[in-house]
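Here is how the chains run, residue by residue.
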Amino acid sequence: MADGAATLTDDALREEVRAWLAANWKPLPPEQPGAGGAGWTTSPERKAWLAKVVDARWAVPRWPAEWYGRGLSDAQARIVEREFAKVGAPGTGQDRSNLWANTALAYASPTFKPKIVPQLLKNEVGMCLLYSEPGAGSDLAGIRTRADHVGDHYVVNGSKVWTSGAATADYGMLIARTDWDVPKHKGISFFFLPMKQKGVEVRPLRQITNESHFNEVFFTDAICPEENLLGPLNAGWGVLQTALAYERSVMGEGARGPRSGVAEATNEEPLIALAREAGVLGDPVIRQEIAKVIAYRRLNALNTARAKADLAQGTSSSIMSLGKLAMSRILHEEARVRTMILGAGSLLEGKDYPRAEDANFLTLNAYFTSIGGGTDQIQRNIIGERVLGLPREPEVDRDVPFRQVRGNG
Ligand SMILES: Cc1cc2nc3c(=O)[nH]c(=O)nc-3n(C[C@H](O)[C@H](O)[C@H](O)COP(=O)(O)OP(=O)(O)OC[C@H]3O[C@@H](n4cnc5c(N)ncnc54)[C@H](O)[C@@H]3O)c2cc1C
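Summarised in this report is the structure supplied together with it. (Residues numbered from 1 in each chain as written. Predicted model: local features only at pLDDT ≥ 70, side-chain atom pairs only at ≥ 80, totals over all residues. Heavy atoms only, no water.)

## Re the pattern of salt bridges
(1) Moving on: One pass over the structure, following the stated rule, counts 26 salt bridges.
(2) Moving on: Between Arg70 and Glu16 there is a salt bridge, with the nearest N and O atoms lying 3.1 Å from each other. Taken together, the residues Arg70 in the loop between α3 (44–55) and α4 (74–87) and Glu16 in helix α2 (residues 10–24) connect sequence positions 54 residues apart.
(3) Moving on: Among the salt bridges present, the one from Lys160 reaches Glu133, with a minimum N-O distance of 2.9 Å. Pair noted here: Lys160 is in strand β3 (residues 153–164) and Glu133 is in the loop between β1 (127–130) and β2 (146–150), with a separation of 27 residues, a long-range link.
(4) Moving on: On the basis of relative accessibility, which here comes to 1%, the residue Lys160 falls in the buried class.
(5) Moving on: Given a relative accessible area of 7%, Glu133 falls into the buried group. (Salt bridge = Lys/Arg side-chain N within 4 Å of Asp/Glu carboxyl O. Helix = DSSP H or I, 4+ residues; strand = E, 2+ residues; numbered from the N terminus. Buried < 20%, exposed > 50% of the residue type's maximum accessible area, 1.4 Å probe, protein only.)

## Concerning the site of the ligand
(1) Moving on: Taken together, 18 residues sit near the ligand, with Ser132, Ser138, Trp162, Thr375 and Gln377 positioned nearest.
(2) Moving on: At a separation of 2.7 Å, a nitrogen atom of the ligand approaches a polar backbone atom of Leu129.
(3) Moving on: A distance of 2.7 Å separates an oxygen atom of the ligand from a polar atom in the side chain of Thr375.
(4) Moving on: For the ligand, whose accessible area on its own is 970 Å², the fraction buried by protein is 67%.
(5) Moving on: Going through the elements one at a time, β3, α12 (354–371) and α13 (376–387) are the ones with two or more residues in the shell around the ligand.
(6) Moving on: Residues that form the shell around the ligand fall into these classes: seven nonpolar, ten polar and one charged. (Near = heavy atom within 4 Å. Polar contact = N/O pair within 3.5 Å; in protein donor to acceptor, adjacent residues only side chain to side chain. Areas by Shrake-Rupley, 256 points an atom, 1.4 Å probe, with all protein chains shown as cover. Nonpolar A, V, L, I, M, F, W, Y, C, P; charged D, E, K, R; others polar.)

## Structural notes on a nonpolar patch on the surface
(1) Moving on: Nonpolar side chains collect at one region of the surface, where Val387, Leu388 and Leu390 lie side by side and expose about 280 Å² of accessible area between them.
(2) Moving on: Note that Val387 resides in helix α13.
(3) Moving on: The partly exposed category is assigned to Val387, whose relative accessible area is 38%. (Patch = residues over 30% accessible without salt bridge, like charges linked within 9 Å, V, L, I, M, F, W, Y side chains within 5 Å.)

## Topic: the pairing of strand β5 (residues 188–194)
(1) Moving on: When you tally the buried positions in β5, you get six out of seven residues, the bulk of the element.
(2) Moving on: Of the strand pairs in this sheet, strand β4 (residues 171–177) and β5 are connected by seven bridges, and their pairing is antiparallel. Looking at β5, one finds that Arg177 is bridged to Ile188.
(3) Moving on: The pairing of β5 with strand β8 (residues 229–230) spans two bridges and is antiparallel. Each bridged residue has a counterpart across the sheet, and for Phe190 the counterpart in β8 is Leu230. (Pairing = 2+ DSSP bridges.)

## Notes on the nonpolar core
(1) Moving on: Counting residues in each nonpolar core, the largest one holds 50 residues, and the members touching the most others are Phe84, Tyr131, Met173 and Phe192.
(2) Moving on: In this structure, this core is formed jointly by two domains, domain 1 (12–97) and domain 2 (127–251), each of which donates at least three residues.
(3) Moving on: Setting aside residues up to four positions removed in sequence, Met173 forms contacts with Leu99, Trp100, Thr103, Met127, Cys128, Leu129, Leu130, Tyr131, Phe190, Phe191, Phe192 and Ala243.
(4) Moving on: Among the nonpolar cores identified, the runner-up in size contains 18 residues, and Leu130, Val156, Cys224 and Leu229 belong to it. (Core = buried A, V, L, I, M, F, W, Y, C linked by side-chain atoms within 4.5 Å. Domains from an automatic or database assignment. Contact = heavy atoms within 4.5 Å.)

## Quick look at the side chain of Asn215
(1) Moving on: Mapped onto the secondary structure, Asn215 falls in strand β7 (residues 214–225).
(2) Moving on: Within the structure, Asn215 has its side chain in polar contact with the backbone oxygen of His213 (distance 3.4 Å).
(3) Moving on: The contacts of Asn215, once residues within four sequence positions are left out, are Lys160, Val161, Trp162, Thr163, Gly165, Ala166, Ala167, Val202, Arg203, Pro204 and Leu205.

## Looking at the packing of α2 against α4
(1) Moving on: Following both chains from N to C, one finds α2 and α4 inclined at 35°, their axes separated by 10 Å at the closest point. Here the hand of the crossing between α2 and α4 comes out right-handed. Counting all contacts with α2, which are made through Asp10, Leu13, Arg14, Val17, Arg18, Trp20 and Leu21, the residues of α4 involved are Gln76, Ile79, Val80, Glu83, Phe84, Lys86 and Val87. (Axes fitted to C-alpha atoms, helices over the stretch in contact; angles between N-to-C directions. Left-handed = near helix turned anticlockwise from the far one by under 90°.)

## Here we look at the packing of helix α9 (residues 270–278) against helix α11 (residues 320–342)
(1) Moving on: Axis separation between α9 and α11 bottoms out at 9 Å; the angle between their running directions is 10°. Between α9 and α11, the angle is such that the two are roughly parallel. On the side of α9, the interface is formed by Pro270, Leu271, Leu274, Ala275 and Ala278, while α11 contributes Glu334, Val337, Arg338, Ile341 and Leu342.
(2) Moving on: Considering only residue class, the contact of α9 with α11 consists of eight nonpolar, no polar and two charged. (Parallel < 35°, antiparallel > 145°, perpendicular 65-115°, else oblique.)

## A look at the packing of aromatic side chains
(1) Moving on: Enumeration over the complete set of coordinates arrives at twelve aromatic pairs.
(2) Moving on: Considering the side-chain rings of Trp49 and Phe84, the 6.5 Å spacing of their centres and the 45° angle between planes classify their relative orientation as tilted. Residue Trp49 is located in helix α3, and its partner Phe84 is located in helix α4; the two are separated by 35 residues in the primary sequence. Residues Trp49 and Phe84 agree in their burial class; the two are buried.
(3) Moving on: Linked through ring pairs, Trp20, Trp25, Trp49, Trp58 and Phe84 together constitute an aromatic cluster.
(4) Moving on: Note that Arg177 overlies the ring of Trp180, its terminal NZ or CZ placed 5.9 Å from the centroid.
(5) Moving on: The aromatic ring of Phe402 is capped on one face by Arg177, whose charged end is 3.5 Å from the ring centroid. (Phe/Tyr/Trp six-rings, centres within 6.5 Å; stacked < 30°, edge-to-face > 60°. Lys NZ or Arg CZ within 6 Å of the ring centre and 35° of its normal.)

Purely geometric numbers; function is a separate question.
Pasting the structure below:
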């Protein structure tokens, strides 16, 4: 089925997906909040379902047949996604949303790829992103964690910070410096680092939302097998751009909702339901604010879909930055409007006031999207330089060998 799109009609495909779902899909028990972290599931029922979807080649229908796919066109893959969505079944569309698997498919070595790709699609391994360091966040190319080639492996030393999901991860997608005598972007390599080893220490950090999803990670002679290098040695910056574009596309699509667990009253837009419940739906100013947020959200969904259509395998799309930036604004606006709807009641806190608790949580959690995956200011720089073609920001250390940059000698 290497060229499924050419041989299959849309109707035949739709029928095939429907029949398969009718024979196999049973609703799953709800996921434990926070289980696994970083999009990883710990539920055995969910894992069993994902394995079934992968084995039936519905997980990544755009991918080629030799990599669990069906070689379908984007339009046909969307038919599959729609049929899954209609019954509420997860697991398909990973060829757009699974940043780990897409990065591995594009860049993993011939020996590592067959091992890791199915594990990622079936959620058999937990993952984290080992990018930011205490001195290198926005200026990610300034990382100082090093990986030295010794025999048939790399030895990793240094530290990372703000690493979501590190405590449960089996692998981290790591950027580390492998050549100190070339300019900063040119001496970085990209690895799948095994996390469960003596040389990796994870220390949790407490967040403003009183949660603890992210961590500091310290490497002391941690070992990374040679085959876990993604892309060529010292070409990790290019691999990173692909991985970041997938991450931004996911962040541009949405974020966590309220955490109180108290259901919204109806199936209507959450802000409308909240305003109705609070008795202020007739207030013209509140109506206007709600309409504005809903319009932003709808517009951003369309823009993100357009950007995703541009994101071919192994390439990056700067337009993803637009969607992520817009989502950051939407989340801050939504939290503000929630607070406005509740009025003085939003100052309350605790289990007895779930609506206020949600508004406060969403206000603080909106910073997740405006900082994580690259800050709003950095997205604006990317849009300015790569989408609008404005002059590059001055960067005095760009062409200097990294060892000669002040502080690295
Ligand atoms: C919830 C959350 C989860 C995260 N998860 C991970 C993770 O899993 N893995 C990981 O590696 N990292 C993660 N991060 C880290 C995140 O990617 C960094 O915090 C982010 O890139 C900013 O880096 P920094 O914190 O060092 O801030 P800095 O780079 O020190 O920036 C400080 C301020 O200066 C501004 N600034 C910096 N440079 C410029 C410039 N050139 N132009 C304009 N303004 C500029 C920034 O916008 C920001 O406002 C996470 C962060 C958050 C908030």
